[in-house]
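A closer look at the structure
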Amino acid sequence: MKKSKYYLFIGFVLAVAMVLSACGGGSDSSSGEGSGDKEGSDGSGSSGKQVFNMIETQEIPTGDPSLATDQASFIVFGQTMEGLYGLDKDDNPVPAIADGEPDISEDGKEYTFKLREDAKWSNGDPVTANDFVYAWQRAVDPETGSEYAYMFDGVIKNASEIINGDKDPDELAVKAEDDYTLKVTLDIPIEYFDSLLAFGTYLPLNEKFVEEKGDKFGTNSDNMLANGPFVLTDWDGSGLNWKYEKNDEYYDKDNVNLDEVNVQVSKKPSTAVNLFETDKTDRTAALSAEYAKQYQNDPNAATFEESSSWYLKFNQKRDGKDTPLANKNIRKALAMAFDKKAYTDQVLANGSVPTDGYVPRGLATNPETDEDFRDDSGDLISYDVDKAKEYWEKGLKELGEDSLELDYLSDDTENAKTTSEYFKNQLESNLDGLKLNVSNVPFKVRLKDTSEQNYDIVMHGWGADYLDPMTYLDLYVTDGGNNETGYSSKEYDKLIDDAKIKYANDPEKRWETMLKAEKLLIQEDTVIAPIYQRGRITLIKPYVKGLEEHLFGPDYSLKNVTIEK
């Protein structure tokens, strides 16, 4: 699109902002906003309790760790549950339910964990080794339908065969030697295994409770258990408000200062800012561009560069048939036809940075040179209108068409709607004959439509599940649980397989193979179109201390928060 047209478009935009995320996305709704909180924001309320009030932008899609795929759910688990490992303030995996570091066999495949004997569930049951055995077997069981089962694939011995239906879940190589001793056997040595253990899908589950609840498990706060610092309460399964209350059964409760956290979903940035300015909340979620510009130098503003990567995802198969996006030249044209720097600078304006690659900066470094993966891999696909037009004409000719009409799917927040307008304007202006039909839908609907490949183009984001480029790259193997594009490449599958297995004990070869995989995925096959690495600006009251923000896993931890007035 030409510059003059772009600025006309920008002039038309009234509210600008950032798109919400996850290992999934962002959402909106319309009711329940502006209610504030009865405890006020002085942190003590009328009862002297430590109370923290905060804003979120997404509803909770599920309270079942085996089924969760989105950031909103993983944030909840980060406050209410603990696995063998957790994250410290610097994002280092540290023992949590594990009682110290495990014993590891000489070949790096067998881990023996001793568990804390004082860890309990919120119903008073002890947290035992069997809780991990049950949860992990449940996650890889095809009958559960966990999209995150791939987190065990090629990691825990027999997981791949179970996921593929060739072995039974009870053949997973994880065993409770006794109530407090857990033995795990890996397929191959994995250097980032400790960070996997801090992730939500590796959390334990209380078998008796889950089985008693059946299909109701995780559907509201009455059907959930906690073993972490807080218990989730007042969540009805779809509402815009919920609470965290201090867990009296938590083994480290003496070091948890907050008594109560009130969370309110606000999808209108203006409402969130108004609640903050009127002292009805202590922290906003990420600000939209309009407010990020206004508050960027405010003493209450806090900035954070995330590890989440955002991109356009192209669906090549829909209803069992090839879409026009199965054509590589059409995908390349779309990926080069929008100005990502103008988008981050003038639409998001929240510290997000444009990127021409998929794996975000700051995640991992070359084992030999210490160079960041993003710098090592370089720019793989850039904004170039002339090249985009060439690819577009070539693609249309190959399809025997002179125009295309495609569906564009995104969320229904104000920010997402503004972003949708931007991309519709950019792509239609730069690619003659293209018409985009924009659909802005609630968060849950967007996740469902993406999962079922009921879209052509979707605005999509992915945050790191562990500290390694593989957390991004292995999504797009053939039939991968989060592939959702129909992309299938034997060459790509082999690169991922080699990086995971063949070069598991050769860090340099493994690194080179992952670089090749990203180049194939983005530069050669253009399965997705990279846009930006997300940053965020939030407003937080100065008397709130100890909030820890994370590069992967839950966005933040509330355990060490105190209200100091």
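In this numbering scheme, every chain counts its residues from 1 along its sequence in written order. Residues qualify for local features only when their pLDDT is at least 70, as the model is predicted, and side-chain atom pairs are given and counted only at 80 or more; totals for whole chains, interfaces and linings, by contrast, use all residues. The side-chain values count all of the structure's non-hydrogen atoms but skip hydrogen atoms and water molecules.

1. Considerations on the pattern of salt bridges
Going by this rule: When a carboxyl oxygen of Asp or Glu is within 4 Å of a side-chain nitrogen of Lys or Arg, the pair counts as a salt bridge. To sort residues, take the accessible area from a 1.4 Å probe on protein chains only and compare it with the maximum for the residue type: under 20% means buried, over 50% means exposed, and anything in between is partly exposed.
Counted under the stated rule, the structure contains 28 salt bridges. Notably, a salt bridge pairs R116 with D118, separated by 3.0 Å at the nearest N-O pair. A relative accessible area of 37% places D118 in the partly exposed class. In the salt-bridge network here, residues are joined through shared partners; they are R283, E306, R534, R536 and E549.

2. Structural notes on the environment of E110
Going by this rule: Here a helix means four or more residues in a row that DSSP labels H or I, a strand means two or more in a row labelled E, and each is numbered from the N terminus. By the convention used here, residues are in contact when the closest approach between their heavy atoms is within 4.5 Å.
The topology assignment puts E110 in strand β5 (residues 110-114). Along the backbone, E110 and N300 are 190 residues apart, and their C-alpha atoms lie at a distance of 48 Å. Discounting residues that sit within four places of it in the chain, E110 has contacts with D103, I104, S105, K183, V184 and T185.

3. A word on the sheet that holds strand β4 (residues 103-104)
Put simply, the rule is: Two strands form a pair only when DSSP identifies at least two bridges running between them. With axes taken as lines fitted to C-alpha atoms, and helix axes fitted only over the stretch in contact, angles between N-to-C directions fall between 0 and 180 degrees.
An order of β4-β5-β7-β6 is seen for the 4 strands of this open sheet, with the pairing classed as antiparallel. At either margin of the open sheet sits one strand with a lone partner, and together these are β4 and β6 (174-178). Sheet topology note: the β6/strand β7 (residues 181-185) ladder contains 4 bridges and is antiparallel. Across the sheet, A176 pairs through a bridge with L182, a residue of β7. Strands β6 and β7 of the sheet are contacted by helix α3 (residues 129-140), whose axis makes an angle of about 165° with β6.

4. Observations concerning the sheet that holds strand β16 (residues 434-441)
Here 6 strands make up an open sheet; going across it, the order is β14-β18-β11-β17-β15-β16 and the pairing mixed. Single-partner strands in this sheet number two, and they are β14 (353-354) and β16. Across 6 bridges, the pairing between strand β11 (residues 301-314) and strand β17 (residues 457-462) is antiparallel. Note that in β17 the partner of S309 across the bridge is W462. Against the sheet, helix α14 (residues 443-451) makes contact with β11, β15 (404-411), β16 and β17, and its axis sits at roughly 135° relative to β15, the strand it touches most.

5. Some thoughts on the packing of aromatic side chains
Applicable threshold: A pair of aromatic rings is counted whenever rings of Phe, Tyr or Trp (Trp by its six-membered ring) have centres within 6.5 Å, and the orientation is called stacked for planes under 30 degrees apart, edge-to-face for over 60 and tilted otherwise. Two conditions define a charge located above a ring, namely a distance within 6 Å from the ring centre to NZ of Lys or CZ of Arg, and an angle within 35 degrees of the ring normal.
Taken as a whole, this structure holds 27 aromatic pairs when the rule is applied. Relative to F193, the ring of Y111 lies with its centre 4.9 Å away and its plane at 65°, an arrangement referred to as edge-to-face. Of this pair, Y111 sits in strand β5 while F193 sits in helix α5 (residues 193-196), placing them 82 residues apart in sequence. Judged on exposure class, the residue Y111 and its partner F193 are both buried. Directly above the ring of Y391 sits K332, whose terminal nitrogen or CZ lies 5.9 Å from the centroid. When the ring centre of F276 is taken as reference, the NZ or CZ atom of K541 above it lies at 4.1 Å.

6. Points about unusual backbone geometry
Despite not being glycine, D234 has its phi angle at roughly 60°, a positive value. Summarising the element assignment, D234 is placed in the loop between β8 (230-233) and β9 (241-246). Even without a glycine there, the phi angle at D370 is positive, about 70°. Mapped onto the elements of the fold, D370 is located in the loop between β14 and α11 (373-377). Note on D370: relative accessible area 57%, which makes it exposed.

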